[in-house]
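Single-letter residue listing:
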Amino acid sequence: MESEDDMIDDSVSMEDGFYSGDFSDYYDDPNDNENDYYSDDDDDYGLFEDDDQDAVVSRRPQLGYTVLKEADIKQRQEDDISKVSTVLSISRVYETILLRHYNWSVSKVHDEWFADEGGVRQSVGLLERPVVQVSNARELTCGICFESLSRDNITSAACGHPFCQVCWRGYICTTINDGPGCLSLRCPDPSCNAAVGQDMIDKLATCEEKEKYSRYLLRSYIEDNRKTKWCPAPGCEYAVDFAVGSGNFDVSCICSHSFCWNCIEEVHRPVNCNTVAKWILKNSAESENMNWILANSKPCPKCKRPIEKNQGCMHMTCTPPCKFEFCWLCLGAWAEHGERTGGFYACNRYESAKQEGVYDEAERRREMAKNSLEKYTHYYERWASNQLSRQKALADLNQMQTVHLENLSNLQCTPESQLKFITEAWLQIVECRRVLKWTYAYGYYLPEHEHAKRQFFEYLQGICLYSKMLGGSKYVLQIYFSKWTINTMTNFAFCLGEAESGLERLHQCAEKELNKFITCDGPSKEFDDFRAKLAGLTSVTKNYFENLVRALENGLADVYSQAAAACSKTTSSKNIGGTSKGRGGRGKRSSKTGGSSKSVDDTSN
């Protein structure tokens, strides 16, 4: 199975057998080993070692992070520099260079320094003494412009290489404007490894360049540190310090943006980061375009350009400049067709060739492409629908907070502090829409070979609408799942059905029922009843979705194992009853045995 990048590359040349060869070049199999949702080699984005990953397997809601403002970042940076200065007898400039080199890890600096101080100095560029001895002459020659200038206009780094201040300024200005690479500035001499620190920047750079350098240094404290990251929200300047092993990757910044700390995408429980990355790539890649072309078009026999037939007869004419006329069914030249071959709406040649198996491979590839496209469309449309619903809920929440709450407070003579239950309801709606959205990505990547788990998940997806249509009763679900005869699965399906139907009830209450209190002329006696109803729906819906998320994060493991055991037990008991009943049919003397066995069978069921 090739990667999606390979699919895109292969699709560039339509002439080189686009419609021939192995269909796997274009068919994206979500159950390929490389895309296995349950793969043991899930990508951790380089953030955690195996031991760290084991520590975060249990994902339970708990606050294991700290949101840092700019002042907090500066304070932490200063504290780390102070920790190094209390142990190592070097300048502050060298301390900063050392910490940057070791990604702001104080313990790593200490370990490496005391293990091999000379090696660290050599690799980082911290020289103990100059490598060039400058003469005591009044004038020195700049190593860049080769002009002879007074000693006052010549400046050197720790290495001693002499350069004029004009050349130094040009060198520093260019490096700072090039980006964060200026933090690893070295002596301009190509053969020298001496580090150039902030003291040289403060001495020669302009105020604007000093500000840029300080900003790069501050950002490096977050970006080079494994435990800290910037909030990815546009315009947000807060950072997050995450405690490895705290469990839940979900992070909420002060700016109100929530994201997954591990992959920086939006919060995506109950699916893992690897699945999210594959799903986002699939939505943005060209693989489904290829599948659509394969499923809905055929190549012109002459120029190989794909042609779609959406109506009319089998007589096809390619677009200019080709203008080749051919039969849609057998792809033969239309000049060889007529009444004797079946006319305009049939082709005897195609039918006879099809019976001989000539088109089996082409039809197989076309059918696979169609099935793949239908499956992806099914899950993507539902994923996108919940995404749109979530965005609308966010807009409604913002309008509620900025406009309606104040008006409602005045109308109902109630302080805004006592209207928080409305905001909480809308926040819960937004969260539930997010969870429902990602369950469809979860379902798309469920392995085909785990038939019971996939079948059960599809039942769970379908039962939501079924439950809502028939009132969401547990009795209805038991009938729907009667073929399983498994109480655990019935309970879990009831949980999912109630989760979505509960969300719809909550959304209806928060959107439509609240509107009459916003548009009324004065206080309403029914508002207290509405408060109790909305708060209750919020609590119930939250519980349903928490249970749903936990079950899906466990990979339906508990439900699946119990279901298998129950199925095995039921099948075994039925076999006993069937065998005994068969023996009872041999003669009258065996009828008693058959009746006894039936009694046992009824008891076991």
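Up top you'll find the structure we're talking about.
Residues numbered from 1 in each chain as written. Predicted model: local features only at pLDDT ≥ 70, side-chain atom pairs only at ≥ 80, totals over all residues. Heavy atoms only, no water.

*Asks:* Outline the pattern of salt bridges, listing residues and values.
*Replies:* In the structure shown here, the tally under the stated rule is 16 salt bridges. As a salt-bridge pair, Arg219 and Glu223 come within 3.0 Å of each other at their nearest N and O atoms. Here Arg219 pairs with Glu223, and both are found in helix H9 (residues 207-223), just four residues apart, close to one helical turn. Take Arg219: its relative accessible area is 31%, and that puts it in the partly exposed class. Accessibility expressed as a relative area gives 46% for Glu223, which makes it partly exposed. In this structure, the salt-bridge partner of Lys392 is Glu511, at a minimum N-O distance of 3.0 Å. Placement of Lys392 in helix H13 (residues 360-412) and of Glu511 in helix H17 (residues 487-513) is noted, with a sequence separation of 119 residues between them. (Salt bridge = Lys/Arg side-chain N within 4 Å of Asp/Glu carboxyl O. Helix = DSSP H or I, 4+ residues; strand = E, 2+ residues; numbered from the N terminus. Buried < 20%, exposed > 50% of the residue type's maximum accessible area, 1.4 Å probe, protein only.)

*Asks:* Could you give an account of helix H19 (residues 527-553), with specific residues and numbers?
*Replies:* For H19, built from 27 residues, the straight-helix expectation of 39 Å at 1.5 Å per residue is met to within 8% by its first-to-last C-alpha distance of 39 Å. Within H19, burial applies to Phe527, Phe530, Leu534, Leu537, Thr538, Thr541, Tyr544, Phe545, Leu548, Val549, Ala551 and Leu552. Just downstream of H19, Gly555 is the residue with a positive phi angle, here 70°. (Expected span 1.5 Å × (residues − 1).)

*Asks:* Account for the sheet that holds strand S6 (residues 228-230), with residues named and values stated.
*Replies:* With antiparallel pairing, three strands are arranged side by side in an open sheet as S1-S7-S6. Of all the strands in the sheet, the pair left with one neighbour each is strand S1 (65-68) and S6. With strand direction ignored, the average angle separating the axes of adjacent strands in the sheet is 25°. Relative to strand S7 (residues 239-242), S1 is paired through four bridges, and the arrangement is antiparallel. The partner of Val67 across the bridge, within S7, is Val240. Contacting S1, S6 and S7, helix H3 (residues 70-85) crosses the sheet at an angle of about 105° to S1. Of the strands in this sheet, S6 and S7 are in contact with H9, which crosses S6 at around 120°. (Pairing = 2+ DSSP bridges. Axes fitted to C-alpha atoms, helices over the stretch in contact; angles between N-to-C directions. Contact = heavy atoms within 4.5 Å.)

*Asks:* For the nonpolar core, give the residues involved together with the corresponding values.
*Replies:* Counting residues in hydrophobic clusters, the biggest one holds 48 residues, and the most contacted among them are Ile73, Leu98, Leu126, Trp168 and Ile172. In terms of residue count, H9 provides more of this core than any other element does, five residues in total. Apart from the residues within four sequence positions on either side, Ile73 is in contact with Leu68, Leu218, Tyr221, Ile222, Trp230 and Ala239. Core analysis: the next-biggest nonpolar cluster, separate from the first, contains 46 residues, Val271, Val276, Val435 and Trp438 among them. (Core = buried A, V, L, I, M, F, W, Y, C linked by side-chain atoms within 4.5 Å.)

*Asks:* Can you lay out the pairing of S7 for me, pointing to particular residues and giving the numbers?
*Replies:* In S7, alternate side chains face the same way, and those of Ala239 and Asp241 on one face and Val240 and Phe242 on the other are all buried. With three bridges joining them, S6 and S7 adopt antiparallel strand pairing. Within the sheet, the bridge partner assigned to Thr228 lies in S7 and is Asp241.

*Asks:* Now, about unusual backbone geometry: what can you tell me, with residues and values included?
*Replies:* Cis peptide bonds are those with omega within 30 degrees of zero, and the linkage from Arg269 to Pro270 qualifies with 15°. Summarising the element assignment, Pro270 is placed in the loop between strand S9 (258-260) and helix H10 (273-284). Pro321 follows Pro320 through a cis peptide bond whose omega is 5°. Note on placement: Pro321 falls in the loop between strand S12 (315-317) and strand S13 (325-327). The backbone phi angle of Trp104 is positive, close to 60°, even though this residue is not glycine. Summarising the element assignment, Trp104 is placed in the loop between helix H4 (92-101) and helix H5 (106-115).

*Asks:* Can you lay out the packing of aromatic side chains for me, pointing to particular residues and giving the numbers?
*Replies:* Within the structure shown, the criterion is met by 21 aromatic pairs. On the numbers, 6.2 Å between centres and 80° between planes, the contact of Tyr376 with Tyr444 is edge-to-face. Placement of Tyr376 in helix H13 and of Tyr444 in helix H14 (residues 420-444) is noted, with a sequence separation of 68 residues between them. Plain terms: the ring middles of Tyr379 and Tyr444 are 5.9 Å apart, the flat faces sit at 75° to each other, and that makes the pair edge-to-face. In this pair, Tyr379 sits in helix H13 while Tyr444 sits in helix H14, placing the two residues 65 residues apart along the sequence. Neither Tyr379 nor Tyr444 differs from the other in exposure class; each is buried. Grouping aromatic residues by their ring pairs yields a cluster made of Trp279, Tyr376, Tyr379, Tyr380, Trp383, Trp438, Tyr444 and Tyr445. Over the ring of Trp261 we find Lys229, and its NZ or CZ is 4.4 Å from the ring centre. Taking the ring centre of Tyr444 as reference, the NZ or CZ of Lys375 above it sits at 4.9 Å. (Phe/Tyr/Trp six-rings, centres within 6.5 Å; stacked < 30°, edge-to-face > 60°. Lys NZ or Arg CZ within 6 Å of the ring centre and 35° of its normal.)

*Asks:* Tell me about helix H7 (residues 165-178), and please be specific about residues and values.
*Replies:* For an α-helix, the turn length of 3.6 residues means that residues three or four places apart are oriented alike. Compared with the 20 Å implied by 1.5 Å per residue over 14 residues, the 20 Å span of H7 between its first and last C-alpha is a close match. Buried within H7 we find Gln165, Cys167, Trp168, Ile172, Thr175 and Ile176. Within H7, the buried residues cover an arc of 160° as seen down the axis, which keeps them to one side. Away from the buried face of H7 by more than 90 degrees, exposed residues Val166 and Asp178 are located. Looking at the buried positions of H7, the neighbouring elements they touch are strand S4 (154-155), strand S5 (163-164), helix H8 (198-204) and H9. Note on H7: the residue one or two positions beyond its end, Gly179, has a positive phi of about 125°. (Arc of directions from axis to C-beta.)

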